Amino acid sequence: MNTTIPILENEHVKLEALTLENYNHLFPIAKQEKLVQYSPSDIETPNALKIYVETALKQHEAKTSIPFIIFDKKTQKYAGSTRFMNINWTNKVLHIGATWIGRQYQGTGLNTQIKHLMINHAFNELDFEKIEFTIDERNMRSRKAVEKLGCTLEGILRKNVYLLDGFKRNTCYYGLLKEEWKNS
């Protein structure tokens with residue numbers, strides 16, 4: 001059960017440990033309006049972002065999360081954050097989630113590069129057998145992205161998560177089994 005935060009990288013992106021020493025690089029991105037409109041997470045103010053990072057770090061201490069800061073090699077700038085979360089070491093299942101990148105990085109292929117690094121690491125290095133994604137039913141862009149990765153919609157939980165604006169969303173659960181992953 002190795003919870004050391006590794007550096008994951010390829011020619012496009014570098015994922016390294018999200019810490020209280022480096023999260024301030026994310027302020028310009030986190031304050032973008034409605035960046036996480038489909039998420040229950042608040043990151044728009046410096047204090048909210050700090051609380052968000054502290055929560056991720058507490059989850060890491062509890063061995064249920066591995067948080068990353070995203071560095072885009074093309075622009076040589078920090079682009080956002082992501083993490084392995086809801087880690088179930090016994091059953092070899094984890095979520096990839098809490099992913100947000102600045103609008104200037106959306107649609108550039110960066111998120112696909114991030115997901116490939118994380119999926120390969122989870123299956124090949126951490127020896128997990130299943131990866132799950134939870135996505136707001138209305139977030140078609142994210143749903144299509146995980147479907148392109150080969151994920152299967154396993155079900156929709158109705159009205160199970162309140163968002164910051166008070167809306168109670170339906171959450172789509174997607175899964176990817178190790179044997180289904182083509183890029184290993």
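Residues numbered from 1 in each chain as written. Predicted model: local features only at pLDDT ≥ 70, side-chain atom pairs only at ≥ 80, totals over all residues. Heavy atoms only, no water.

Trainee: When you look at the overall build of the protein chain in this model, what are you seeing that I'm missing?
Mentor: Assigned secondary structure in the protein chain consists of four helices and eight strands. Tracing the protein chain from N to C terminus, the helices and strands come up as β-β-α-α-β-β-β-α-β-α-β-β. Computed over its C-alpha atoms, the radius of gyration of the protein chain comes to 15 Å, within 12% of the 16 Å expected for a compact globule of 184 residues. Each principal axis of the C-alpha atoms in the protein chain carries an extent, and together these give about 40 × 35 × 35 Å. A burial count over the protein chain gives 45% of its 184 residues as buried. Taking all contacts inside the protein chain whose residues are at least 6 apart in sequence as the whole, residues at least 24 apart take part in 59%. (Helix = DSSP H or I, 4+ residues; strand = E, 2+ residues; numbered from the N terminus. Rg over C-alpha atoms; globule rule 2.2 N^0.38 Å. Buried < 20%, exposed > 50% of the residue type's maximum accessible area, 1.4 Å probe, protein only. Contact = heavy atoms within 4.5 Å.)

Trainee: In this structure, what is going on with the environment of I114? I would like to understand it.
Mentor: Relative to the helices and strands, I114 resides in helix α3 (residues 110–125). Through-space distance from the C-alpha of I114 to that of T99 is 9.6 Å; in sequence the pair is 15 residues apart. With near-sequence residues (within four places) excluded, I114 lies in contact with V13, L15, I70, T82 and I101.

Trainee: Please clarify how the sheet that holds strand β8 (residues 168–177) should be interpreted in this entry.
Mentor: Sheet strands associate in pairs through backbone hydrogen bonding, adopting either a parallel or an antiparallel arrangement. With respect to topology, eight strands assemble into an open sheet ordered β1-β2-β3-β4-β5-β6-β8-β7, the strand pairing being mixed. The sheet is open, and its two borders are formed by β1 (8–9) and β7 (152–162), each paired with just one other strand. Relative to β8, strand β6 (residues 130–136) runs antiparallel, the two being bridged by seven bridges. Looking at the pairing, F133 lines up with Y174 of β8. Sitting on the sheet, helix α4 (residues 140–148) is in contact with β6, β7 and β8, with an inclination near 160° to β6. (Pairing = 2+ DSSP bridges. Axes fitted to C-alpha atoms, helices over the stretch in contact; angles between N-to-C directions.)

Trainee: Explain the state of the cysteines to me, please; I cannot follow it from the model alone.
Mentor: Two cysteines, two sulfur atoms, one covalent bond between them: this is a disulfide. Tallied over the entire structure, the rule returns zero disulfides. For the unlinked cysteine C151, the closest cysteine sulfur is that of C172, found at 12 Å. Residue classification places C151 among the buried residues on the basis of a relative accessible area of 8%. We classify C172 as buried; its relative accessible area is 0%. (Disulfide = S-S within 2.5 Å.)

Trainee: What am I meant to see in the packing of aromatic side chains here?
Mentor: Centre-to-centre distance and the angle between the planes together describe a pair of aromatic rings. Applying the stated rule across the entire model yields five aromatic pairs. Between F71 and Y78, the aromatic rings sit 5.1 Å apart at their centres with planes inclined by 70°, giving edge-to-face as the arrangement. Here the basic side chain of R83 rests over the ring of Y52, its NZ or CZ set 4.8 Å away from the ring centre. (Phe/Tyr/Trp six-rings, centres within 6.5 Å; stacked < 30°, edge-to-face > 60°. Lys NZ or Arg CZ within 6 Å of the ring centre and 35° of its normal.)

Trainee: I keep staring at helix α2 (residues 46–61) and nothing clicks. Help me out?
Mentor: With 16 residues, α2 extends 23 Å from end C-alpha to end C-alpha; this agrees with the ideal 22 Å at 1.5 Å per step. Listed in full, the buried residues belonging to α2 are A48, L49, Y52, V53, A56, L57 and H60. Against α1 (27–30), β3 (65–72), β4 (77–88) and β5 (93–101) lie the buried residues of α2. Count one or two residues on from α2 and you reach K63, which has phi positive near 65°. (Expected span 1.5 Å × (residues − 1).)

Trainee: Quick question: what am I supposed to make of the pattern of salt bridges here?
Mentor: Oppositely charged side chains are able to pair whenever their charged atoms sit close together. Enumeration over the complete set of coordinates arrives at seven salt bridges. Here D136 and R138 are joined by a salt bridge, their closest N and O atoms 2.8 Å apart. Residues participating in the shared-partner salt-bridge network are K92, D127 and K178. (Salt bridge = Lys/Arg side-chain N within 4 Å of Asp/Glu carboxyl O.)

Trainee: I tried to follow unusual backbone geometry on my own but got confused; where do I start?
Mentor: Among all residues except glycine, the phi angle is most often negative; among peptide bonds, the trans geometry is most common. In this structure, K63 takes a positive phi of about 65° despite not being glycine. Of note, K63 is situated in the loop between α2 and β3.

Trainee: What is the right way to read the side chain of T171 from this model?
Mentor: Along the polypeptide, T171 turns up in strand β8. Polar contacts involving the side chain of T171 include one to the side chain of R169, which spans 2.9 Å. Not counting chain neighbours up to four residues away, the residues in contact with T171 comprise T134, I135, G155, I156, L157, N160 and V161. (Polar contact = N/O pair within 3.5 Å; in protein donor to acceptor, adjacent residues only side chain to side chain.)

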